[in-house]
Amino acid sequence: MAPVPSFPVKVGHIDDVQELKKTKPSSIPERFVRDMMERPKLATVTTPSSCNLNIPVVDLSKLLNSQDFHEIKKLSSSCEEWGFFQVINHGIDLDLLEKMEKIAMEFFMLPLEEKQKYPMSPGTVQGYGQAFVFSEDQKLDWCNMFALGVEPHFIRNPKLWPTKPLEFSETVDIYSREIRNLCKNLLKYIAVSLGLNEDIFEEMFGVAVQAVRMNYYPACPRPDLVLGLSPHSDGSALTVLQQGKCSSVGLQILKDNVWVPVQPIPNALVINIGDTIEVLTNGRYKSVEHRAVTHQEKDRLSIVTFYAPSYEIELGPLQKLVDENNPCKYKRYNHGEYSMHYVTNKLQGKKTLEFAKI
């Protein structure tokens with residue numbers, strides 16, 4: 001079973017933000033208005049530490065063809081210094097990416113009553129709605145989500161896989177297989193960059209858990225008051241993000257205490273290191289806080305895949321990456337227990353990773 005809370009969850013009324021946008025509200029409902037400290041500063045960032053910052057770009061074809069030393073080094077520094085990179089020449093058919101984006105957009109454009117046939121139950125993370133909401137007074141994200149467990153098949157909830165748009169399920173399955181292969185390849189070269197056996201993660205992870213989440217961020221009349229997605233790190237090993245082609249720039253990562261916008265490269269995919277890799281590498285490769293902001297005029301679509309070990313796997317820092325200069329920072333734990341901890345807490349920076357710290 002996919003993790004679900006063992007306690008009753010009351011979330012109160014949650015407005016559907018697409019429907020809210022249609023009403024052209026004169027003010028933002030209070031549950032979406034962030035406290036002053038959380039509000040995004042939307043003016044162009046001009047501080048010296050963040051000027052001209054672009055997240056690194058890794059060319060997968062150079063790794064696949066020759067394990068290019070310079071590209072391995074670039075991958076290593078990307079994971080160590082950023083926790084994020086964009087991957088180009090990833091080998092996934094661009095027509096498939098376009099089809100996945102189209103089918104996700106078509107789902108979000110369905111009438112509300114059609115989307116509500118696939119509800120996200122309070123406290124869970126599959127279906128249509130808002131995830132990570134656990135109380136009636138919790139601040140809400142300016143976002144509609146549709147999330148599905150993909151692999152292994154026992155985590156799927158067939159009732160949540162929609163019949164409309166046509167070819168939705170088939171497209172998600174084909175797309176997810178391609179993304180799964182990409183994750184396996186990336187983890188192989190991440191292992192090489194650490195001086196480890198290239199198959200170590202695949203052998204360790206068992207039948208990896210994979211989920212996909214589509215996020216739709218409607219334009220917001222007051223983007224300075226809301227967040228599209230609360231700051232958080234991911235509990236996965238790797239996360240793969242496809243940004244909608246005509247979408248606003250919304251993803252931001254926390255680099256040196258400054259929120260840096262991620263400018264999408266056409267046809268690239270954005271990769272980020274999750275908490276699991278941070279633990280396995282004993283903190284050498286770090287998961288990084290990120291968030292989404294909204295735009296006053298443009299909507300934004302993103303498609304996110306989470307790739308993680310089997311729930312049965314015991315995890316902890318790899319012995320080769322622990323020594324007297326790098327003492328063990330994290331305990332050993334069951335990944336299923338950590339997943340339960342992650343999905344039953346609201347998004348709050350890197351707080352969930354405290355579960356694993358010694």
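Structure: see above.
The notes below deal with the structure included here. (Residues numbered from 1 in each chain as written. Predicted model: local features only at pLDDT ≥ 70, side-chain atom pairs only at ≥ 80, totals over all residues. Heavy atoms only, no water.)

## Here we look at the overall build of the chain
Put simply, the rule reads: Helix and strand assignments come from DSSP, with helices taken as H or I runs of at least 4 residues and strands as E runs of at least 2, each series counted from the N terminus. For every residue, the accessible area (1.4 Å probe, protein chains only) is compared with the maximum for its type, and the residue is labelled buried under 20%, exposed over 50%, or partly exposed between those bounds. In this description, contact between two residues means that some pair of their heavy atoms is separated by no more than 4.5 Å. What sets the accessible areas is the Shrake-Rupley method with a 1.4 Å probe; for residues, cover comes only from the shown protein chains.
For the chain, the helix and strand inventory stands at nine helices and 14 strands. Within the span of the chain, comprising 358 residues, buried residues form 56% of the whole. Long-range contacts, defined as pairs at least 24 residues apart, comprise 79% of the intrachain contacts of the chain with a sequence gap of at least 6. Looking at the chain as shown, the accessible area adds up to about 16,400 Å², and 52% of this sits on carbon and sulfur atoms.

## Details of the pairing of strand β4 (residues 144-151)
Keep this limit in mind: We call two strands paired when DSSP finds no fewer than two bridges between them.
With seven of eight residues buried, β4 lies mostly within the body of the structure. Sheet analysis places strand β3 (residues 127-129) next to β4, joined by three bridges and oriented antiparallel. Considered in β4, the bridge of Gly127 is made with Ala147. Alignment of β4 against strand β5 (residues 209-217), held across seven bridges, turns out to be antiparallel. Opposite Phe146, over in β5, you have Met214 as the bridge partner.

## Side note on the sheet that holds strand β1 (residues 57-59)
Think of a sheet as strands paired side by side through backbone hydrogen bonds, with each pair either parallel or antiparallel. To keep it simple, the criterion reads: Structural elements are reduced to axes, namely lines fitted to C-alpha atoms, with helices fitted over the stretch in contact, and the angle between N-to-C directions of any two is expressed from 0 to 180 degrees.
Read across the sheet, eight strands follow the order β1-β2-β10-β7-β12-β5-β4-β3 without closing on themselves; strand pairing throughout is mixed. Of all strands in the sheet, those with a lone pairing partner are β1 and β3, marking the two edges. Across this sheet, the average inter-strand angle for adjacent strands is 25°, counted without regard to direction. As paired elements, strand β2 (residues 84-88) and strand β10 (residues 269-273) share four bridges and run antiparallel to each other. Pairing of Gln86 across the sheet is with Val270, part of β10. Along the sheet, helix α3 (residues 69-82) makes contact with β1, β2 and β10, crossing β1 at roughly 150°.

## Observations concerning the packing of aromatic side chains
Quick reminder of the rule: Classification of ring pairs uses Phe, Tyr and Trp, with its six-membered ring standing for Trp, and accepts pairs whose centres are within 6.5 Å; under 30 degrees between planes counts as stacked, over 60 as edge-to-face, and the remaining range as tilted.
Enumeration over the complete set of coordinates arrives at 12 aromatic pairs. Ring geometry for Phe107 versus Phe108: centroids 5.8 Å apart, planes at 75°, classification edge-to-face. We classify Phe108 as buried; its relative accessible area is 1%. Considering the side-chain rings of Phe107 and Phe146, the 4.2 Å spacing of their centres and the 15° angle between planes classify their relative orientation as stacked.

So yeah, pure geometry; function would need other evidence.
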